[in-house]
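Inside the fold
Residues per chain are reported as follows:
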Protein chains: 2
Amino acid sequence: MKVLVVHAHPEPQSFCAALKTTAVNVLRDAGNEVEVSDLYAMGFNPVASADDFGTRANAGYCVYALEQRHGFANGTIRSDIKVELEKLMRCDLLILNFPLFWFSTPAILKGWIDRILVSGPVYGGMRFYDRGGLRGKRAIVSLTLGGQARMFASDGIHGPLEGMLRPLLQGTLAYIGLDVLEPFVAWHVPYVANEVRLEYLAAWRNRLSSLAMEPPLSFPSLDNFDESLRPLNGRT
Amino acid sequence: MKVLVVHAHPEPQSFCAALKTTAVNVLRDAGNEVEVSDLYAMGFNPVASADDFGTRANAGYCVYALEQRHGFANGTIRSDIKVELEKLMRCDLLILNFPLFWFSTPAILKGWIDRILVSGPVYGGMRFYDRGGLRGKRAIVSLTLGGQARMFASDGIHGPLEGMLRPLLQGTLAYIGLDVLEPFVAWHVPYVANEVRLEYLAAWRNRLSSLAMEPPLSFPSLDNFDESLRPLNGRT
């Protein structure tokens, strides 16, 4: 299996970085080929802009997704995007590893999503959800956060974490066709004792050894909608 | 009323930019003081990192929120953050204006959130949701997207847009204490006729003229939880 780990934490010694290192070691030891994009270490540019394209479909007005398609088809998309896109296209398993910032990804990782999920190879037209460009591959999100699990219970103050992660799990990973696994969550990280952190690492090692067999979460299927994306079940 | 418009679109001639300009003009004409942070035009740095702090609470290990508190208290937080934070603290109404990228904000705007919503003045400890640092102020999100409204119906392929926006509306804006109004959404923008765009602008002008009177959306209240953030209604 080929694995791509995209890691985004500003502190190299963080527990989040330990999750990343654990993933790399466990998956390599199991015989997989693992690539890592450590976005902070790379100084990754997260800002999607017209500068991402050498030649332009329309030099006077930038529609980012149209320029992505043009740039990819003509090989004129920026080289940092090309490199990351190739890593993404050749992986069988994508791991996004990050600390939860404002109930979502740090901006540097959001920018990786904005720039690397290129319209054309990754999605486009009716190629999304279970017809997305990356179907057949798997993805898992592993994250650290300060809050406690009970704050994210159904009667917790924030409500379920899966709801907060919907733009990422459904709107991004499932949207491009990936089979999305249940997230791995390390709760309350800045406040827990070292033994708890070690338990998290042990639990993560366990998950990592069986990711290829885990049943994915359920997301929308284009099979339930007509060509105009109206539901096929008779309701409108 | 003092207004801060934070705008984030890579194309200066976009319809999204027209929404921003409309907001500025309508609100200024009504006698309000309006400031604009045009993040792309400013070349705003969206990457939260240890470089954001002059002196450090802990120079050997960066916990971003702790460094924010230290940097704010000691006046050593980076000047670009200080300037934006002052705009935020003095506004009565915050408008976030952006195109939906992957069912959330463009990375440059996510980075404004990551860096400017500084732990200490903006939130911290039990100062969040209806006890957040910005209570008494209002916020509205105005956004453009490619999808059609029916794709976001309760039986639509993506499900309700409010669900996708939860990390932003609840987890960010309501979290810091703002009264969050119903988003203004311009659907299917790249594909609609010019008349439809003009209708969107007219509808936006209407909304803008009554934002101060609109009832806000409902979000969690700390009044319903105990000091350990357990629900007070008897369930656990």
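Residues numbered from 1 in each chain as written. Chains lettered and ligands numbered in written order. Predicted model: local features only at pLDDT ≥ 70, side-chain atom pairs only at ≥ 80, totals over all residues. Heavy atoms only, no water.

Per an unreviewed UniProt entry, chain A goes by the name NAD(P)H quinone oxidoreductase and belongs to Paraburkholderia caffeinilytica. Here chain A is described in UniProt, under the heading Sequence similarities (unreviewed entry), as follows: "Belongs to the NAD(P)H dehydrogenase (quinone) family." (UniProt positions renumbered as here; feature names shortened; annotations may be inferred.)

1. A short note on the nonpolar core
With 112 residues, the main nonpolar core has A:Leu94, A:Trp112, B:Leu94 and B:Trp112 as its most contacted residues. Sequence-distant contacts of B:Leu94, defined by excluding residues within four places in its chain, comprise B:Leu4, B:Val6, B:Leu88, B:Trp112, B:Arg138, B:Ala139, B:Ile140, B:Leu173 and B:Leu178. (Core = buried A, V, L, I, M, F, W, Y, C linked by side-chain atoms within 4.5 Å. Buried < 20%, exposed > 50% of the residue type's maximum accessible area, 1.4 Å probe, protein only. Contact = heavy atoms within 4.5 Å.)

2. What to know about the relation of the copies chain B and chain A
Two copies of a chain can be linked by a rotation about an axis combined with a shift along that same axis. You can overlay chain B on chain A at an RMSD of 0.0 Å; the transform is a turn of 180° with a shift of 0.0 Å along its axis. In short, the pair behaves as if placed about a two-fold rotation axis. By C-alpha distance to the rotation axis, the residue of chain B lying nearest is B:Ala107, at 2.5 Å. Of the residues that chain B buries at the interface, 100% are likewise interface residues in chain A, meaning the two copies contact each other through the same surface. (Least-squares fit on C-alpha atoms with pLDDT ≥ 70 in both.)

3. With respect to the interface of chain B and chain A
At the junction of the two partners, chain B supplies 55 residues and chain A supplies 55 residues. Between chain B and chain A lies a buried interface of about 4600 Å² when both sides are counted; carbon and sulfur atoms form 61% of it. Among the residues chain B hides against chain A, the three largest losses belong to B:Trp102, B:Asp155 and B:Ile157. Together they make up 19% of the total. Taken together, chain B and chain A are joined by zero salt bridges. Connecting chain B to chain A are 20 residue pairs in polar contact (both at pLDDT 80 or more). The set of elements that each furnish at least two residues to the side of chain B that touches chain A consists of α5 (107–116), α6 (161–164) and α7 (166–174) of chain B. Taken together, the residues that form the side of chain B that touches chain A break down as 31 nonpolar, 16 polar and eight charged. (Buried area = accessible area lost by both parts, 1.4 Å probe. Salt bridge = Lys/Arg side-chain N within 4 Å of Asp/Glu carboxyl O. Polar contact = N/O pair within 3.5 Å; in protein donor to acceptor, adjacent residues only side chain to side chain. Helix = DSSP H or I, 4+ residues; strand = E, 2+ residues; numbered from the N terminus. Nonpolar A, V, L, I, M, F, W, Y, C, P; charged D, E, K, R; others polar.)

4. Things to note about the environment of B:Leu39
Residue and element names in this part refer to chain B. Inspection of the secondary structure puts leucine 39 in helix α2 (residues 39–42). Placed 29 residues apart in sequence, leucine 39 and proline 10 show a C-alpha to C-alpha distance of 9.0 Å. Setting aside chain neighbours within four positions, we find leucine 39 in contact with Val6, His7, Ala8, Phe44, Ile108, Leu109 and Trp112.

5. Looking at the packing of helix α4 (residues 79–90) of chain B against α5(B)
Residue and element names in this part refer to chain B. Here α4 crosses α5 at 90°, and the two axes come no closer than 10 Å. Taken together, the axes of α4 and α5 are roughly perpendicular relative to one another. Of the residues in α5, those in contact with Asp80, Ile81, Glu84, Leu85 and Leu88 of α4 are Trp112, Arg115 and Ile116. Per-class residue counts for the contact of α4 with α5 are five nonpolar, no polar and three charged. (Axes fitted to C-alpha atoms, helices over the stretch in contact; angles between N-to-C directions. Parallel < 35°, antiparallel > 145°, perpendicular 65-115°, else oblique.)

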